[in-house]
Amino acid sequence: MLQSNEVEEAIKRILSHKGVVGLVVINHEGIPIKSTMENALSVQYAAQVTQLLDKSRSMIKELDSNNDLTFIRLRTKKHEVLVCPEKDYAMIVIQNPTES
Amino acid sequence: MPPKGPKGAGGGGGGKRRGKGRRDDDEYGGYTRKEQQLSKPPDQEKLTETQLKQDVQRYLVTLDPTVIRDRVRWDFNERAYLIVPYQDETITLFHMDSKLVHKDHAEEFKKTYPYPMVPRKQAKQLDKQMQEAFKKSEPPPPPAPAAPTAEASGEAETEGEEKKADAKPEEEEEEKEETKEVTRQTKFLNQFDYSDRSTQTYNNPLREHACQTQPPPRSNYKDYCNAWIIYDAYENDVENRPKQGKQHGGGAELGAIGEELGEQVAGAAPGEDGAPQTPEKEKEKKEKKETVRKERDKEGKIVEKERVKMRKASVLEGQAAQEAALNKSAEGLKILERLVMQNVHHEVLFDFKYYEDASDEFRETGEGTILPLWKFAYDRAKRLHVTGISWSQSEPDMFAVSYGSFSFTHPITDGMVLVWSLRNPAFPEQIWVSPRGCMCVAVHPEANCLVAVGMYDGNVAMIQLKPDEDNATSSVVLKNVHVIQKHRSPIWSVKWGEDDMDGDPNFYSCGLDGRIIHWTIDTSDSNGVGGLGGTEICILHLPVAPVTGPDGTSYKLFGCARVLAFHPKEKTTFLVGTAEGNIFRCSSLYGSRFQQIYNAHFLPVAALEWNYYHKDVFISCSEDWTIKIWDKKDPEPMYVFEIGVAILDCCWAPYSSTVFAAVTEEGKTLVYDLNVNKEKPICCQQIVTKKKVKPHRIQFNPYYPILCVGDDRGQLTTLKLSPNLRILPKDSRGAPMEGDPKVNFEIGKMTKLLSLVRDPESITNPKSLARPDEKQVKIVLSAMGKK
């Protein structure tokens, strides 16, 4: 486990990578608790991603109860949305892969 | 009048009484006698008026006139008439006691009769009331027909009415019945069936009383449920169950309550018995209870506080909560970073996975190229030298790197060990900072969470990367416990040995003090933490005569060990390269003798490695510009490659028995395939851009065709080998060989190469081997002779 300042460092590092637009950490209720983007945008991302997470986890679990969702990558025309669901939190990174 | 007859016959007062009843009928029955057309029997005797008025006297006697008295019967025995005795011929058909009581006996009757009788006046009033009520309810009848209303009261006749009746000319009007008042009152109550109201049970009045409790606190909860959510909940429950069993907190509390209850019960019992309890004891008990109560209150408060804390923590805007949340998500961040890196290094990843240099097919000499992929650098390690690289044998993308310093004239004190993953070139997976420079590193071949490190000050350390259950926060580090056991000079190489019989990991280290030390986990540490305990395996005494010191004492010179190489199959056999240029072949089973000593190089041996396939072949390189390939039975090298520049490291390829790679001081990487070209490298490429930078270490990945080169700027470069550099053996059908056929093919390839250069005599008569053998035989023989 990393210490809290190391977590901060890790977030900074991720943001420093090429093409990373922003990072949002949301809790299980879909409320953004940490964001590097505009408030409105991050709230929007949080809301949409929460639904997506519920739906996709539901899909995986319905197919096999022992399985679980660990990561979602959404490739879009403009960005790539990376979602990493944890137990209580989920992290979203929006990256622009064409830049890199 | 026909009724008169029977009346007359009845005679006396009785007849009159009956007649009265009859007249009542006539008078008040709604019809009169005049209207009556009495039918007379035809044979009725017609009497004159006088005859009718004449009283016919009839007597009522107690004797039956029909009974024959003085009846006689002829008796044949006596021959005479005998009087038959009188027999009572009365037959009682019906018997009923009269309810009538004589006037004179009325008082007596009252005494015996238990029920009250309504006095006559009251009865009159009652009747009047009744009549009035009746009149009111009905339209007032004409005065004449008022009689029947009075008659409706039946026997309850009033005197006034009687007077009215007297006014009418009737025969029995003079009659005054005294008994009448008795009869009209004798509505006798049945003693047996009659039930008085007062004997019935009391009917309680119905009452309604309503009250309302305080409504329980409400909260809204919203969630959805699925089959898998239920399943997960059950799984969690099963997981948590044994842990709950361990927690005794709740049970203890219950126990305390139970004790107190028991105390109360115990306190109550003697009181009931009447046994006097001393007031002191009671006081004590009270105090006890008081304290218990206070304690519980305190606990309650603490719990409450904790709850408040929890509630505060759950307020997600709180900064502490945020930090906690982020700490929890550290693992997720790692994954995220990896995937971000995957996007960043997308092209490199494609090169690594799919790019094959197409130009290789057209190179007639069989040469190949190496393509640089990721570069690994960590800011804090920039000024440190890469002193050791060790790939994990089970995880294809993981490797550990030790950072320290080779410049002993200007040593850099600190060092570190980083564990890298190919998936994240930007940041290491694990960081272990050491106060001393790390000189070498080795990842355990099976349990890759164990990393052995040798340090500049002669100490060793074992790092457990995986956090264990008790210590979840950081990786565990074991260090050597005793200062005496440590090396007295920098450690140049550590290598894992085979796990011992208990399955405990152990490793060997060699240092410049010429000692080989075997390290095991020592739990006898005074702190109980556990450490590493070392055992000296051997000291590398050089095969020269002892040197005499200035004061006359003689010293045995020892070689400064620089490289250690364990045989991949024979686990007890290992090679040690020294700074003097010798290579010792030793066994870990006995330390006093060496199996063989090769005079390999003029300068320190830089690297030493056994071949992966052929069990007798090993490679060595040195700063004396040479790479040498050895057969262990031969004191002379099989192949010698003179590069013309110092060689800093070399290693065998894991996929072929004839391929090896080396790095030069100039920063060139050489790849040889003896099967293709025995004189020249098939690839020679500059991999460091700056001239001053020296690559110090090179290692093949055990799974992918990748080389990893570490330089003295703390940077690591991964290089992909082009197809020509990694020609895999193919069977007759053209499919790549696997398993044993491949191993045999590779061994055959190497054997063939050796046979090309081997001098047949050297096999039959190895010089260096023969001498120690003869000596040994002599020693053994002499020892046996002595015994």
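Residues numbered from 1 in each chain as written. Chains lettered and ligands numbered in written order. Predicted model: local features only at pLDDT ≥ 70, side-chain atom pairs only at ≥ 80, totals over all residues. Heavy atoms only, no water.

Chain B is annotated in an unreviewed UniProt entry as Dynein intermediate chain 2, ciliary of Orchesella dallaii. You can read under Sequence similarities (unreviewed entry) in the UniProt record for chain B the words "Belongs to the dynein intermediate chain family." As stated in UniProt under Subcellular location (unreviewed entry), the record for chain B gives "Cytoplasm, Cytoskeleton, Cilium axoneme". (UniProt positions renumbered as here; feature names shortened; annotations may be inferred.)

The name that an unreviewed UniProt entry assigns to chain A is Dynein light chain roadblock, with the source organism given as Orchesella dallaii. Under the UniProt heading Sequence similarities (unreviewed entry), the note attached to chain A is "Belongs to the GAMAD family." In its Subcellular location (unreviewed entry) section, UniProt records this for chain A: "Cytoplasm, Cytoskeleton".

Draft legend 1. Layout of the overall build of chain B. The helix and strand inventory of chain B stands at 17 helices and 32 strands. Burial analysis of chain B (787 residues in total) assigns 36% to the buried set. Here the analysis covers contacts within chain B between residues at least 6 apart in sequence; of these, 51% occur between residues at least 24 apart. (Helix = DSSP H or I, 4+ residues; strand = E, 2+ residues; numbered from the N terminus. Buried < 20%, exposed > 50% of the residue type's maximum accessible area, 1.4 Å probe, protein only. Contact = heavy atoms within 4.5 Å.)

Draft legend 2. Structural context of the overall build of chain A. A tally of regular secondary structure across chain A gives two helices and five strands. Tracing chain A from N to C terminus, the helices and strands come up as α-β-β-α-β-β-β. Classification of the 100 residues of chain A by burial places 45% in the buried group. Sequence separation of 24 or more characterises 36% of the internal contacts of chain A that already satisfy a separation of 6 or more. Accessible surface for chain A amounts to roughly 5,600 Å². Of this, 50% is attributable to carbon and sulfur atoms. (Areas by Shrake-Rupley, 256 points an atom, 1.4 Å probe, with all protein chains shown as cover.)

Draft legend 3. Structural context of the nonpolar core. In this structure, F399(B), Y403(B), W420(B) and L716(B) are the most contacted members of the largest nonpolar core, which totals 22 residues. Secondary-structure elements contributing two or more residues to this core are α14 (346-354), β3 (370-376), β4 (385-391), β5 (398-404), β6 (415-421) and β31 (706-711) of chain B. (Core = buried A, V, L, I, M, F, W, Y, C linked by side-chain atoms within 4.5 Å.)

Draft legend 4. Spatial organisation of the side chain of R726(B). All names here are of chain B. With respect to the helices and strands, the residue R726 is situated in the loop between β32 (716-721) and α15 (739-757). Classification of R726 by relative accessible area gives buried; the value is 19%. Only 2.4 Å separates the side chain of R726 from the side chain of E356, close enough to count as a polar contact. For R726, the side chain forms a polar contact with the main-chain oxygen of L721, separated by 2.9 Å. (Polar contact = N/O pair within 3.5 Å; in protein donor to acceptor, adjacent residues only side chain to side chain.)

Draft legend 5. Main features of the side chain of T717(B). Along the chain, T717(B) turns up in strand β32. What makes T717(B) buried here is its relative accessible area of 3%.

Draft legend 6. Inspection of the pairing of strand β25 (residues 637-642) of chain B at higher detail. Residue and element names in this part refer to chain B. Looking at chain direction, strand β24 (residues 626-631) and β25 are connected through five bridges and run antiparallel. Paired with W630 across the strands is P637, a residue of β25. Taking the residues that link successive antiparallel strands as the turn, the β24-β25 hairpin has five residues. (Pairing = 2+ DSSP bridges.)

Draft legend 7. Main features of helix α13 (residues 330-344) of chain B. Along its 15 residues, α13(B) runs 21 Å from first to last C-alpha, staying within 8% of the 21 Å computed at 1.5 Å per residue. Every buried residue belonging to α13(B) is among A330(B), G332(B), L333(B), L336(B), E337(B), L339(B), V340(B), M341(B), N343(B) and V344(B), and all of these are buried. (Expected span 1.5 Å × (residues − 1).)

Draft legend 8. Just the packing of aromatic side chains, in detail. Across all of its chains, the model carries 25 aromatic pairs over all chains by this definition. Arranged with centres 5.7 Å apart and planes meeting at 85 degrees, the rings of Y378(B) and F427(B) form a pair that is edge-to-face. Within this pair, whereas Y378(B) is found in the loop between β3 and β4, its partner F427(B) is found in the loop between β6 and β7 (430-434), the two being separated by 49 residues in sequence. For the residue pair Y378(B) and F427(B), the accessibility class agrees, reading buried in each case. Taking the centre distance of 6.1 Å and the plane angle of 10 degrees together, the rings of F618(B) and W630(B) count as stacked. Here the residue F618(B) occupies a position in strand β23 (residues 617-622), and W630(B) occupies one in strand β24, the gap between them amounting to 12 residues. A residue is classified by how much of its surface remains accessible, and F618(B), at 0% relative accessible area, is buried. Overall, the relative accessible area of 0% leaves W630(B) in the buried class. Aromatic ring contacts, followed pair by pair, group Y639(B), F641(B), W652(B), F660(B) and Y672(B) into a single cluster. Over the ring of F427(B) we find R13(A); its NZ or CZ atom is 3.2 Å from the centre of that ring. Directly above the aromatic system of W492(B) lies the positively charged group of R562(B), at a separation of 4.0 Å from the ring centroid. (Phe/Tyr/Trp six-rings, centres within 6.5 Å; stacked < 30°, edge-to-face > 60°. Lys NZ or Arg CZ within 6 Å of the ring centre and 35° of its normal.)

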